[in-house]
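# Topology and contacts: notes
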Amino acid sequence: MYGNNTQMVTAWGKLYQKELFDNIRYPQGLLHEDEGTTYKLYFKCDRIAVSNKVIYAYFYNSDSIMSNPKRQNFIDLCNILDEQIKYFEQKNEILLVDQIRNKYCIYIMAHILPLDYYGHYKEMKVKIKNIYGEIQDKKHIKKKTRTKGWLCSHLPLGMAGLLYIKHKIKTFFNK
């Protein structure tokens, strides 16, 4: 988790020991339910094995939830990120809290233009600055990710535009 691999949250592509799910469940009625659960499972593990063997074929569905961002999708994600921050604060895992806050800034920017949050731009800008300002130790976050977080918090509209364009290009080439 300290290697900033917490973005590997998808439920597919993993085998779990049944005991890991004692007292842990996927939240019902939320989008990003895997994002709301996987971090707890990772944190509970003594060890994790990783393989580079390709045994899963991914089908890109242009009608999927992830391909068509919606406000509820974004709201659920923000709530889950808030929960992750609280969870790791309780565990006194400040480095993980900082990583999540940095990721949070990037996620907010990635959703401003596609979800027409432009009307709430000032409010979102304040939220990002506050989240980024709460990061206590930025040195342990990968430089590329840290730079992205900083740009999102200090030049939000420009970064929102770049992330939006990147998303559109990716969507175009995956059709």
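The coordinates are above.
In what follows, the accompanying structure is described. (Residues numbered from 1 in each chain as written. Predicted model: local features only at pLDDT ≥ 70, side-chain atom pairs only at ≥ 80, totals over all residues. Heavy atoms only, no water.)

### Section: the overall build of the protein chain
Scanning the protein chain from N- to C-terminus turns up six helices and zero strands. Ordered by position in the sequence, the α and β elements of the protein chain form the string α-α-α-α-α-α. Total accessible area on the protein chain stands at roughly 11600 Å², and carbon and sulfur atoms take up 55% of it. (Helix = DSSP H or I, 4+ residues; strand = E, 2+ residues; numbered from the N terminus. Areas by Shrake-Rupley, 256 points an atom, 1.4 Å probe, with all protein chains shown as cover.)

### Observations concerning the nonpolar core
Core analysis: the biggest nonpolar cluster contains 25 residues, and Phe 88, Tyr 104, Cys 105, Ile 108, Met 109 and Cys 152 have the highest contact counts within it. The element contributing the most residues to this core is helix α3 (residues 94–112), with eight residues. Not counting chain neighbours up to four residues away, the residues in contact with Ile 108 comprise Phe 74, Met 124, Lys 127, Ile 128 and Ile 131. (Core = buried A, V, L, I, M, F, W, Y, C linked by side-chain atoms within 4.5 Å. Buried < 20%, exposed > 50% of the residue type's maximum accessible area, 1.4 Å probe, protein only. Contact = heavy atoms within 4.5 Å.)

### Thoughts on the packing of aromatic side chains
In total, this model carries seven aromatic pairs according to the counting rule given. Aromatic pair Tyr 16 and Phe 21: ring centres 5.3 Å apart, planes at 80 degrees, arrangement edge-to-face. Among the residues examined, Phe 21 registers a relative accessible area of 17% and is labelled buried. Ring centres of Tyr 39 and Tyr 87 lie 5.2 Å apart, and the angle between their planes is 80 degrees; this geometry places the pair in the edge-to-face category. One end of the pair, Tyr 39, is in helix α1 (residues 38–44); the other, Tyr 87, is in helix α2 (residues 71–90), with 48 residues separating them in the sequence. (Phe/Tyr/Trp six-rings, centres within 6.5 Å; stacked < 30°, edge-to-face > 60°.)

### Side note on a nonpolar patch on the surface
A contiguous nonpolar patch, built from Trp 12, Ile 55, Tyr 56 and Tyr 58 and spanning about 520 Å² of accessible area, is present on the exposed surface. Within the secondary structure layout, Trp 12 lies in the segment before α1. Owing to a relative accessible area of 40%, Trp 12 belongs among the partly exposed residues under this scheme. (Patch = residues over 30% accessible without salt bridge, like charges linked within 9 Å, V, L, I, M, F, W, Y side chains within 5 Å. Salt bridge = Lys/Arg side-chain N within 4 Å of Asp/Glu carboxyl O.)

### A few points about the pattern of salt bridges
One pass over the structure, following the stated rule, counts four salt bridges. With its nearest N and O atoms 3.1 Å apart, the salt bridge here joins Glu 35 to Lys 103. Separated by 68 residues along the polypeptide, Glu 35 in the segment before α1 and Lys 103 in helix α3 bring together distant segments of the chain. For Asp 137, the salt bridge identified is with Lys 139, shortest N-O distance 3.9 Å.

### Quick notes on helix α5 (residues 143–154)
In this model, α5 (12 residues) spans 16 Å end to end at C-alpha, consistent with the 16 Å of a helix rising 1.5 Å per residue. Buried residues of α5: Gly 149, Cys 152 and Ser 153, and no others. End-on, the buried residues of α5 take up no more than an arc of 95 degrees, which puts them together on one face. Set apart from the buried face of α5 by more than 90 degrees, the exposed residues are Lys 143 and Lys 144. (Expected span 1.5 Å × (residues − 1). Arc of directions from axis to C-beta.)

Just geometry here; none of it tells us what the structure is for.
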